[in-house]
Every structure is written in structure tokens, then in C-alpha cells.
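This is what each chain is made of:
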Amino acid sequence: MVLSKSFRVYHKLDTNGVYSILLDQKTYKCESLLFEAEAVATISPSEADSVRHLYSTVLDAYGCLGVLQLSIGDTNILYLILVSGCVSVGKLHTSEIFRITDTIFISLRNNGSDLERIQEVRRILNSGTFYFSVTLAADSDEPPYDLTLCAQRSNRTHETDNRFFWNRMLYLHPLRYGVNTNKWFIKAMCGGLCISTVYVGHLQAKACLISRLSCERVGTRFNVRGTNDSGHVANFVETEQFIVLDDKITSYIMTRGSIPLFWEQTGMQVGAHKVRMSRGSEVSQPAYDRHLASIKHRYGNQVLINLISNKEGEALIGKMFKAHHKSSRFSKDVPYIAFDYHHYCSHGKTDNIKILRDQIIKYLKDFSFFYKEKGVVQSQQSGTFRVNCIDCLDRTNRVQTCIGLEILGQQLEALGLTEKANIVSRFDEVFKNMWIQNGDQVSKIYAGTGALEGKSKLKDGTLSVARTIQNNLLDNSKQEAIDILLTGKPLNNEYSDRARSLLATHYLHLPSNILIAMCNKYLEFTEPISIKVSVGTWNVNGGKHFNSIIFRRSDPLSDWLLDNKKKNNYQNVMDMSLNLSFNTIEDNEFSASDIFAIGFQEIVDLNASNIMAASTTNQREWLVELQKTISRDEPYVLITSVQLVGVCLFLFARPKYASNIRDVAIDQVKTGLGGAAGNKGGVAIRLLFYNTSLCFVCSHFAAGQNQFVERNADYSEITRKASFPMGRSLNSHDYVFWCGDFNYRIDLSNEEVKRLVQDRQWSNLLVSDQLKCQQNDGKVFRNYIEGEIGFAPTYKYDINSDDYDTSEKCRVPAYTDRILFKKRFPTGSDEDIGSLNYGKILHYGRAELKTSDHRPVIAEFLSDILVVDENKRSQVFRNVLEQLGPLDATVVVTPNDFEDDDSANYFDDVFVTNILKRLANEAGEIILARFSEDNLRVTFREGQCALKAAKLGSISIFNKTFGVELKTKNWIDAVEEELKLGINNTIPLIDKMSDINDFQDNDHSLGPTFDASNFILEDDGDMGSVSSGNSSPIPPIESNEFNDKPPPLPGRSTPTAPPPARPPPPKNALASPSKSTSYKPTKPIESQQIESTTIINNKPLRPVPIRPAPLPPHKTSDNESVDLTHNQSFDLPPPSMPAPSLPTNDSDFDNNVISCPPKEYPPPPPPRVDSFQDNVEEPPLSPVLLGLPLAPPIPQTIEEPPPIPLRPNSATNMESANESGVQTNPPPIPARTITKPPIIPPRRLAQ
């Protein structure tokens, strides 16, 4: 059918400059919509006819998507969005599906410049990836086909799935004014949709393929990766393959989505993937489990199919994915299958997907599919395959194509269409083409181009270049446009950031006055709890001091970070609490800190090469040393870290808080060379801890005795430029903790300073301290508080000495290393902005670590943070709604004493003018007034004004009485209806699914111990990147005393005992994978468990000792195949103990690993030169190095390289050796002397 343009838009601009829009719909003539003064009114046909002559026609359209809200400062701009171009895709049931090709945005304030602001939003809607449906019969009351629901869900509910309802936020503004949105607006779905008609005899079957892109976490390729704190992943797509034949319908769904970890790809992405894990493993585990809980609740049983490669950056994310899954509480219920698609199916060898098929065929049969005939459900799908690669595009689409074609045969069999081969081949060809189109459509949304087919190198190369340009240069503006479209309004202002920390997500779409009121009443629904925060700072002068002999002979790091207060015997320095609440928590004097923030300066030498491209090898090694140190008494897990050349900041927390840490973000600000270089600058980490926002800053300011003006400028630059997602700034946080080498000096002579230090006259020193002077003048660190300084200046010392600088420069000692903090909002009812409860500064001191020219500083704070009580919040929310009044802010004025034939006389110009004047004086500003048959409807600027007017009850004008009442009397219920557009309303596929919908258990296993070598894996040539870690050799270890001990439990911190070095390579590194080359199904562990399956890459790999699974030995049976090959993607983060050689009959996941057909191995390369050292008794530099790529395997023919005896050092030693009968000459080297070189026979001359 040809869709007619049933919508007509009129507009007018009156003499007072008031602009209004009139919207008519030909197929719905019961009412018209009037848009004026930011309000929406439904007017009757008679009223519309009476005013239509005042308007002029603007355009006709096929449909209306809703009203977009855009805030520019304090200005709120509204746009009416209409569909001006669309193309029919096909028909389903009684509806026809259309693809949107063009849209029109009309500014409701008639400002031409407004349209320039939303061109990117319009470009997204016009991209050809949005679809809507309309009912074929114009006079039918049957709703159009809901594209957001799969066939199985639509059999259980008719409520639109909010995940795939992309323009739902465009419904909000009209909904507040009582508009029937189902009649006026269309529902748009984003994704891919293909419909084909297949003739089956005299019948027509509809073959359909629909991919629905979720809007829970959506964005462009390099801007949105991984998961968020709620467990929503990027590029999550539900794909449904279904066939409709008369009264029969069969459907099958699959899902795809980004790897559910916190990871990103920073910098210019050209060629190989540069993956960075943006959070520690333990802090990522709750979000991972939330994601699995969500998809199990929505889709039932799950099988995870991971297609990423075992090469380069993809191996890192694959290893972390598998490690998190093994630590998940769903590991035994959800099988994990790793299939290296690039290895098996490279160069067009797609037939090798049958290897994967053999492993999933059991689940294909168990999950079944949905089939309904004559209104009766015959079978239901009970589970889905979740497929992913890095982008979830090309590889994922090819594997899903194979799964879809495999299940197609079962669908056709259920429909009774398998008798004729030509019909089967017809369906097969149709779905093959639709899957290709589906790949292009989904790829276009996420990557900006079509899918790579893997057949034509020229075509794929062209698309790859286009993707690189699009993703690296053009996607930022596209990401902003997507955010505006999905949120309905920008959430980058201050009150919105405050609301995000205090309110649930579905509250954020409410009007600004409600959000502001809730934020102002936050103390009524929050409770304060006290936490201990430790912040340390140290300028390490460019070294890894824990590797030096000086460090080992000096005080350990624990004297700085853990025992500083005990060793110095300091008392509480500063008590700034307003009550005794802090004294009730064991005084918290010597209790473990809840959060550790540790900042470094000059973590690398500030030379030209590091300024241009700083290596982060030091960062990784300091990370492990710090975690090992602070975890001595209590375990700590890494939240994240950030480095800018020499400035580095690490943030740790106790494991029990992992699920209460959200919205972690980092930023860097360069201040060196006018902001062009990072030799000076600052880094920041922000997070939401429960419901309080914390920000930690570490900085290094300009040096020089008299350069305090430059230091002030550095402070101002970092404060101004530091920013985080959603418009957050440094000063928008509840707490800010700032540490670093500020380089502020003391304006006294060298001799005077040393004399005052010797006399311990700290207060006299601080009188001339530049930082104190500048702070008192209000030039830096306004409202920041510093603990009382009771220690000597921390700069500048001679290395490994207690003497201040004795060099030629002879610098004046100074307090350069400082820690300050500030609090922004009250956390208790007894506080106000002018009198805040700052808590306690429990300790502020320095440590005597002498490996740098600076002494490290530590501060311990006891602070209140807020925790929301949801029951109280709901009650406060209801109270706020009652106070603010209805969202439409409209009252109805009706004459009390009139007869039917005189009703019109009561609303002549005189009466109307006086009624409006009276209401304006009594209640507030009026923005719109309109008539109906027997009343006058008046809309105010705010709902509170409408409440005031309604309280009048009635007003008297010229001895005539008029009743005044609210148009929407049950406005609280109306707000609750609006909130439904923002909640998760997805119902499970079947009733029997588990009722798990979220994951909030704080006592769960936190997952694998953090591996710093996995935290960042990039090249040293990139700013802020990490080297591959191959430069640090690891000493071998002779003892095998650890081999019989169980491995440490996942989720625990790094052990404090020095970890052993990496063991020598296994002797049988290239063991045969299996005796059988054919696939044999494995036995399940238990009847109630779903077995885990792993596809192992059969290409020759370097053998890496793996941690033995903590399961009893398993005896294989005749029908089980044990895998002995090694898959690099299956390595856990580095073991903290020496692992034995590769197991001979143990699986990696459980005891049901299925091997793949073995392949011939080429001869292994010789061992790497830097892989091993001579026997050294020292422990390795750090346990994290155990997780780095190891050396290639030693050839099988050599058990161990024989040691080469040392040569005699002198002739005397040689003589004594001869006298004792000892051979003086060194033994021959086997490779050169034992085996004679072969004799090459002479060539035969040609006859």
C-alpha cells in the first residue's frame, strides 16, 4: 500500500510575537493538537475549524515521532519531529512496515538558528535504520504491529518493550498535557528489518528477519564499549528469524552484545585493536554478573559464544572475559565457548564453522523455538545464544547466520514445508540474502559502514578505511546526538548530575522542577555513614625504588601507607565534626581504610622521549607493589588508575564495596609548555561511592623558587579543564581530595629554614609557606582544608640521606608535597552550607623513605557519605509531586449559573479578559488559554500556580460565578504513567524463567585477582599506553614446593609474600591434543547443570603454564575427549604461585572440554634470549610479570639445556686445578663440538 501523508502542519505568528503550531490528522478527526508557549493542548474539531483560517499550511507528513526537548543553558527549546519520507519494507499480519528516510524538525519557538543545533540528530533519524508500522485499515481500532516485541513475547504481552522503543522520550512532553500518544505518534525501532514473500503452492509465506538494537547502552564504535554499572552492554541486538504462514508462525531469536567488562579503545585506532581495561577485575565482576542475570531473566538459558582472536589486543580481552566468567556465580549454569573465528575461518574457509556447530548442536535442540498454530502455542524457545566478537558485527553476523540456517530446517519442518526440496532451497536462499542485509544494517548503525564479507579483499579494505575515518574523526558528534535523542533532554547540568547520584535512572526524565525539588530534599531520604579515606603522595624521582638495593635496606612501603601513624605516634590532628557520630565507630583511629588513593609524580624520567610517549611499565610494577603492600592486613582491589607522563594516580577499595562503586571516570590535564606537554599537569579519578560523588586529583605544578604565579595558573588550569562524562566538572563533586607535588616553596633563606627545622618550629616555617599565603589570599585552593603540619619539609634531600640538598643549587627545603580536601554539601540535618561537618583528619604525616629527593606524605580522613533509603525516597517523591501540582499546570473554568443557550455569552472578550486577569493576580503567570464548548481552559507556567488557582474554588466576575478546578485531578497517577517509559518492562520469554533481574548481593565472589599486565596492553609508543611487558626477564625457580598447593581463590588481593619466579618451560610443551580426531559428545557433570564447552585453537602456541583447576582429578571415559593443547585466551590473570606443567587429563573449565581435530605443528622456534636468566635468589620484580607473554617452547628433543661451567679467572686457579686432577679446559658446547657438521657431497656435473 502507498502510505498517504495524513498529517498536516499549520503555523501562525500573532502580533504579540507568540508562535503556535496546529497539527491535524486526516485519519483521526476527533481532535487537533495546538503547540504554543511550550504547552500542548488538545482542541475539539469545532474549535480547530474556528481558528484554522488564522494559520497557514507548512507541510504534510507521514507521521509524527514526538517532541524533542533541548536545553541550552536556561533556555528550553522544543522541536516537533515529523516523518517526511519513508519506504515500505513489507506487510506483516494487518500492518505494513516502513523505513524512515527523511524527517523534518520544526522549532516551536520559530527560531531559524535552532535547526542548526540538531542537524546531527536529524542525520541519525534519516540514516535508514529506523522503522515503524501502521495499520492497513485506516478505520480499524486494532493497533499496528509492535516491532519491539518478538513473536513469543507478543503472545504474552502487548506492552511495548522499552529497550527497543527509541523515541519513547519524545512522548514525554505531549504526555504531560494529556495527549493520546497512541493515536498521534508512531513508535520507532532502530536496527535492521527484512521481509520477503515466499510462495508455497497457492499460499504466501512471509519470511522475516528483524534485528532490534537496544537503547539501554548505545553509541558509536569507539565511544561506547563494554558494559556500564547496570550490566547493559554496548551494541546489544536481539535478532529474530521468523516465518508466517496463514495462521501459523514460527520464531527463533539470538542476541549479540559487547563483552560485558569495563574496557575501551583509546587514541587513534588504526589497524590492530588497542584494548585497555578501564577498571580492576574485582570491581568489574558485579556488572558482569548483573548482565548475565539480566539476560537469563529475559531470555532463559544462555550459551556464550566468544569469537575473538587469540592475537594482539583481542587476546587480552578474551582472557579477561573467560576469567570473569569462571569467577561468576553463573559459570556452571552458562556455558562459555571460545571459537577463534579468524583462525578457523580465515581466507574464506567458512565451512570450518561446522566445528562450532558440533559443539552447540545439543543446545540448539534443547532450546527449541517458538511455534504457534491456530492461536495455540505448540512449542516455546527456552534459551538463546549470546554471540560476540570485538565489535559484534562481521564475525558475529556470520556465526548467527549459520545458527539461523541450522534452525531454519526445524522451523520448516514444523510448518510442514520440508517435503519439497525446491521450497526448502527457496527459503534457504531468501534467508541467506536477508542475513547479509542484516549484517550491513547493524554494522551501519555502530560502525558507520556495511559489514565486511571476508570474500573480497578490495571491498573489505575500502570499508575498513571508511570505518577508520568515520570512527576516529566523525563519531563524537554522532554520539552526542544519540544521547540527546535517547534522553529526551540533555543531562549535563549541575542539578542533573546531582540527581543521577541520588535518584534512580527512570526519575531523570522528569521535569527540571521535580528533580531540583528532590535534590533539595536529599537529607530527608538519605542516611550518613562514615568511611576512612587514605591519600598518599610521593615524588619518586623517576624510579622503581622497590627494585633497588637502597630500597630494600630502607623502610618498606608499609611504613608510609599502613604504619605511618603508629610509628610516628601522632595524635588526631584535626577534628572538624559537629557531633559525636564519629566517636561511635571504634574511633576508626587504627582501623583499615575503606579507600586508598595513592599519587606519584615523576614515575618516569621527565625526558623528551617520555614527554612525547611515556611508557607505563613503571605504572604496572608500582601497581602490583602497592596492592601487595596495602593488602597486608586487609584485601584491597583496584578500582582504576591513570597516568599522564610522570603523574600517576591509583585508586583502591575494599572488596566489599565493589558493587556500590559506580560511574568511574578519569581525566588528564596537561599544563607543561602552555598546556602542550604533560611533563607538568594533573590526573583525576571520579566515582560514585554509594550515593556520594568523590573525586581524587594528583598533580605536579611548575618548579622554581619564585614561580608561584605559574603554580597558581597550573591549579586554575586543572580546575577549569578537568571534566568527566555527562558534563561533570571537578567542583561538581561532593568531596575532592587533591594531592601532589605542588612545588610551593618557603620564602626564607636556606640557613633560616634549616635552623627552624632543627628547632622543629613548624608554625614559623608555615608563615612563609607560599601555598598557605596564596590560599589565604584566595588565589588557590579555595574552601580546601589541609591537616596541621607537624613534620619537617619534604623537599629536597640527597638520595639515601637525611641531609637536605648539598648540590651546587643548594635548594631551600620546602613543603612541596601536600594533601588537601574539600566538601561541598551537608551530609546531616545539623549542617548547612556555611557550617559543614568536615569529619576528622585522623593523620597527616610523612615517611622516611630515602630513595628519592622527596619524602612521601600520607593523610587519613574520616568522612561522611550518604546512602539512599528507597522507601523514604518514594515517600519524599510523592510529597514533592503533591506540592508541585499537575505537570500540565491547567485549570478548567466553568460558569456555575448559566443556561445552555447563554453559555457562550459568559466567555465573551470582557469576561475572558477579567477571568484571566483575576487568575494571573491570584495564582501566577498564564501561558495559554483556549475555549471548549462550555468551559475555558487556562494553562499556567508552573503546576504550583494551577494548584493555587484550584484552591480558589470559584471566582466572581460581574456578579457571575465561575468554578475553578484542576484539569488533571489525579496527576500523581499521571506521573507514574510517565515513569513507566523509563523503567525496565521486559518480560521473560516463558514463565518458568528465573526471577533474577538485577544483581545487588554484596557478598558475592569478586572474581579474578587483578592483573596489572592486563590493565593496559598497548605499545610504548603511544602516550599513556603500556608496553607489552616483554622487556623484563624473570628469574627461574628450582623448587617445586608450591606445585601441590591449591591456587589462591579468585577475587583475593595480591599476596604479601614475595611470589616465586616463573618456572622453566614444560618439558612436553607440544603434547598431542587427543588420540581421537573425531568429535565425541561429552557427558554432563550433573543432570541439573549445563556443561561448559571450549573450542581450543589448534594452531601452534607458546606453552604457558596455567593454574590448575581446583577440582579433583577426573578420569576420562571412553566417550570423552580430553584436550591437552593450550589456548592463550584461557589464561587466568597471572598466577601468584608457580604452576605445574600442562595437565595431562584435566580440563580448563571443568572436566568436559572437547578437543578439535589436531593439526600438524611446524617446528618451534628457539627460546627467546631474554626469557630466562641465570639462577638468581632475588624474587621477581613483581607478580604481574608472571602474566606477560612467555617465551616460545623449547624443542622437544632437549629436556634441559646443560649448564656451562664458568671459566677459570686466573692462571693460579688453573694450576691448582691441574694439581688436583681437574680438567682445566671448559667442556665443549654441545651445539658446536659434540655433533659434527654434516659433510656436503660434491655436486654432480651435468652429463
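Residues numbered from 1 in each chain as written. Predicted model: local features only at pLDDT ≥ 70, side-chain atom pairs only at ≥ 80, totals over all residues. Heavy atoms only, no water.

S.K.: Can you break down the overall build of the chain residue by residue, with the values?
M.R.: Helix and strand counts for the chain come out as 30 helices and 40 strands. Looking at the chain as a whole, 57% of its 1247 residues are labelled buried. Restricting to contacts in the chain with at least 6 residues of sequence separation, those with at least 24 account for 74%. Looking at the chain as shown, the accessible area adds up to about 52,400 Å², and 50% of this sits on carbon and sulfur atoms. (Helix = DSSP H or I, 4+ residues; strand = E, 2+ residues; numbered from the N terminus. Buried < 20%, exposed > 50% of the residue type's maximum accessible area, 1.4 Å probe, protein only. Contact = heavy atoms within 4.5 Å. Areas by Shrake-Rupley, 256 points an atom, 1.4 Å probe, with all protein chains shown as cover.)

S.K.: Before we move on, could you go through the nonpolar core and cite the residues and values that matter?
M.R.: When a protein is soluble and globular, its nonpolar side chains tend to lie buried together. The biggest cluster of nonpolar side chains holds 80 residues, and the ones touching the most others in it are Trp 560, Phe 600, Phe 652 and Phe 696. Residues within four places of Phe 696 in sequence aside, it is in contact with Val 533, Val 535, Ile 595, Ala 597, Leu 649, Leu 651, Val 683, Ala 684, Ile 685, Leu 687 and Phe 737. Core analysis: the second largest hydrophobic core is formed by 47 residues, Ala 517, Val 938, Cys 945 and Ile 972 among them. (Core = buried A, V, L, I, M, F, W, Y, C linked by side-chain atoms within 4.5 Å.)

S.K.: Requested: an account of the packing of aromatic side chains, with residues and values cited.
M.R.: Scanning the model with the defined rule gives 43 aromatic pairs in all. Taking the centre distance of 5.2 Å and the plane angle of 35° together, the rings of Tyr 715 and Trp 738 count as tilted. Remark: Trp 738 occurs in strand 31 (residues 735-741) and Tyr 715 occurs in helix 20 (residues 708-721); sequence separation between them is 23 residues. Residue Trp 738 is classed as buried on the basis of its relative accessible area of 0%. Taking the centre distance of 4.5 Å and the plane angle of 40° together, the rings of Tyr 715 and Phe 781 count as tilted. Linking Tyr 715 in helix 20 with Phe 781 in the loop between helix 23 (770-776) and strand 32 (785-786), this pair joins segments that are 66 residues apart in sequence. According to the relative accessible area criterion, Phe 781 is buried, its value standing at 1%. Clustering of aromatic rings is evident, with ring pairs tying together Phe 701, Tyr 715, Trp 738, Phe 742, Tyr 744, Phe 781 and Tyr 784. Directly above the aromatic system of Tyr 299 lies the positively charged group of Arg 153, at a separation of 4.9 Å from the ring centroid. Its guanidinium or amino end placed over the ring of Tyr 797, Arg 855 lies 3.8 Å from that ring's centre, counting from NZ or CZ. (Phe/Tyr/Trp six-rings, centres within 6.5 Å; stacked < 30°, edge-to-face > 60°. Lys NZ or Arg CZ within 6 Å of the ring centre and 35° of its normal.)

S.K.: Can you explain the pattern of salt bridges? Please cite residues and give values.
M.R.: A side chain with one charge may pair with a side chain of the opposite charge, provided their charged atoms come close. Going through the model one piece at a time under the given rule, you end up with 55 salt bridges. In this structure, Asp 49 and Arg 52 form a salt bridge, with 2.6 Å as the shortest nitrogen-oxygen distance. Residue class for Asp 49 comes out partly exposed when judged on its relative accessible area of 49%. With its nearest N and O atoms 2.9 Å apart, the salt bridge here joins Asp 559 to Lys 567. Judged by its relative accessible area of 56%, Lys 567 falls in the exposed class. A single salt-bridge network, built from bridges that share partners, covers Arg 153, Asp 161, Arg 163, Arg 212, Glu 238 and Glu 240. (Salt bridge = Lys/Arg side-chain N within 4 Å of Asp/Glu carboxyl O.)

S.K.: Can you explain helix 25 (residues 909-922)? Please cite residues and give values.
M.R.: The α-helix winds at 3.6 residues per turn, so residues separated by three or four positions along the chain end up facing the same way. Between the first and last C-alpha of helix 25 there are 20 Å, a value that for 14 residues agrees with the 20 Å anticipated at 1.5 Å per step. When helix 25 is considered as a whole, its buried residues turn out to be Phe 911, Val 912, Ile 915 and Leu 919. For helix 25, the angular spread of buried residues about the axis comes to 95°, placing them on one side. Helix 25 presents Asp 909, Thr 913, Lys 917 and Asn 921 as exposed residues on the side facing more than 90 degrees away from its buried surface. In this structure, the buried residues of helix 25 make contact with strand 36 (890-895), strand 37 (926-931), strand 38 (936-940), helix 26 (943-952), strand 39 (954-957) and strand 40 (960-966). Within two residues after helix 25, Gly 924 carries a phi angle of roughly 155°, on the positive side. (Expected span 1.5 Å × (residues − 1). Arc of directions from axis to C-beta.)

S.K.: Talk me through unusual backbone geometry; I want residue IDs and the actual numbers.
M.R.: The peptide bond linking Tyr 795 to Lys 796 adopts the cis configuration, its omega dihedral lying at 0°. Its place among the elements puts Lys 796 in the loop between strand 32 and strand 33 (817-823). Positive phi outside glycine occurs at Asn 800, with the angle close to 55°. Considering the arrangement of structural elements, one finds Asn 800 in the loop between strand 32 and strand 33. The class of Asn 800 is partly exposed, set by a relative accessible area of 46%.

S.K.: Can you explain the packing of helix 13 (residues 494-502) against helix 14 (residues 512-520)? Please cite residues and give values.
M.R.: Close contact between helix 13 and helix 14 brings their axes to 9 Å; oriented N to C, the two are set at 60°. In terms of orientation, helix 13 and helix 14 fall into the oblique class. Relative to helix 14, helix 13 is oriented so that their crossing is left-handed. Here Tyr 495, Arg 498, Ala 499 and Leu 502 of helix 13 come into contact with helix 14, specifically with Ser 512, Leu 515, Ile 516 and Cys 519. When grouped by side-chain class, the residues that make up the contact of helix 13 with helix 14 number six nonpolar, one polar and one charged. (Axes fitted to C-alpha atoms, helices over the stretch in contact; angles between N-to-C directions. Parallel < 35°, antiparallel > 145°, perpendicular 65-115°, else oblique. Left-handed = near helix turned anticlockwise from the far one by under 90°. Nonpolar A, V, L, I, M, F, W, Y, C, P; charged D, E, K, R; others polar.)

S.K.: Can you explain helix 10 (residues 394-415)? Please cite residues and give values.
M.R.: Over its 22 residues, helix 10 runs 31 Å from end to end, which matches the ideal 32 Å to within 8%, given 1.5 Å per residue. Along helix 10, the sharpest kink reaches roughly 25°, centred on Leu 408. Directly beyond the C-terminal end of helix 10, a positive phi value near 75° is found at Gly 416. (Bend = angle between axes of the 7 residues up to and from the residue.)

S.K.: So what about the side chain of Ser 214? Which residues, and what values?
M.R.: With respect to the helices, strands and loops of the structure, Ser 214 is situated in the loop between strand 11 (203-213) and strand 12 (237-245). Ser 214 gets classed as buried once you look at its relative accessible area, which sits at 2%. A polar contact is formed between the side chain of Ser 214 and the backbone nitrogen of Glu 216, at a distance of 3.2 Å. Sequence-distant contacts of Ser 214, that is, excluding residues within four places in its chain, are made with Arg 163, Phe 164, Trp 166 and Phe 236. (Polar contact = N/O pair within 3.5 Å; in protein donor to acceptor, adjacent residues only side chain to side chain.)

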